[in-house]
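Coordinates in review
Residue strings, one per chain:
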Amino acid sequence: MTTADDHWPATLQRVVALLHFKLADPKANPQGLTVEVRQDLTILPALIQTAVKAAIELDQWVAAESKEAPVNREAIVARKQFLRALIAEPPGSTRSPFTMGYDAAYRLRLEKLIWAAIADHPRRRLEELAAARP
C-alpha cells in the first residue's frame, strides 16, 4: 500500500541535489560554506522551490549549531567534515573523491534533517521554514 507521503524521499533527494556548496570568504561568512542553487528556481514546481528555501534555512541552522533548532549532532559533524575537506583541497582544483564522499554524507544528513523537521505536516512545515528565508 502507498501513502500520501511516499514521494517525499525522492523529493528531498531532488531538493538537496539542487544545492551547491562552496567555500565562502571568511570575512563575509564565518560558517565557511555558502550555498547556491544549481539552476533557476522559477522553472521548478512551487513545492520544490519551497523545499529548496527550507533546505537552505536548515543548512544555516546546522552551520550556526543552533541549540533551539531541531539539529542533530551528526548533521553538524558531517558539515564540519565536509568543510575541512574543501579547505584541504588546493585552490582551483576539482573536487576529489574524498571530498565528494563528505559532500554526499552531508547531503544525506541534510535530507534526514529536513524530513525530521517537516514529517508531521510536510507542506505546512516547509512553508514555515521557507518563510524564514528572505
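Coordinates for the structure precede this section.
In this report, we go over the structure that sits alongside the text.

Criteria and cut-off values
- Residues numbered from 1 in each chain as written.
- Predicted model: local features only at pLDDT ≥ 70, side-chain atom pairs only at ≥ 80, totals over all residues.
- Heavy atoms only, no water.
- Helix = DSSP H or I, 4+ residues; strand = E, 2+ residues; numbered from the N terminus.
- Buried < 20%, exposed > 50% of the residue type's maximum accessible area, 1.4 Å probe, protein only.
- Contact = heavy atoms within 4.5 Å.
- Polar contact = N/O pair within 3.5 Å; in protein donor to acceptor, adjacent residues only side chain to side chain.
- Core = buried A, V, L, I, M, F, W, Y, C linked by side-chain atoms within 4.5 Å.
- Arc of directions from axis to C-beta.

Thoughts on the environment of Glu89
Take Glu89: it is sitting in the loop between α3 (73-88) and α4 (97-118). Accessibility expressed as a relative area gives 13% for Glu89, which makes it buried. It is 8.3 Å that separates the C-alpha atoms of Glu89 and Thr99, two residues lying ten residues apart in sequence. Not counting residues within four places of it along the chain, the set of residues in contact with Glu89 comprises Thr94, Arg95, Ser96 and Thr99. Reaching out from Glu89, the side chain makes a polar contact with the backbone nitrogen of Ser96 at a distance of 2.7 Å.

Things to note about the nonpolar core
In this structure, Leu19, Phe21, Val52, Leu110 and Ile114 are the most contacted members of the largest nonpolar core, which totals 34 residues. Of all the secondary-structure elements, those providing two or more residues to this core are α1 (8-17), β1 (19-23), β2 (33-37), α2 (46-64), α3, α4 and α5 (122-131). The element contributing the most residues to this core is α2, with eight residues.

Re α5
For α5, the complete set of buried residues consists of Pro122, Leu126, Leu129 and Ala130. The buried residues of α5 occupy an angular sector of 95 degrees when the element is viewed end-on, so they sit on one face. In this structure, α5 carries Glu127 and Ala131 as exposed residues pointing more than 90 degrees from its buried face.

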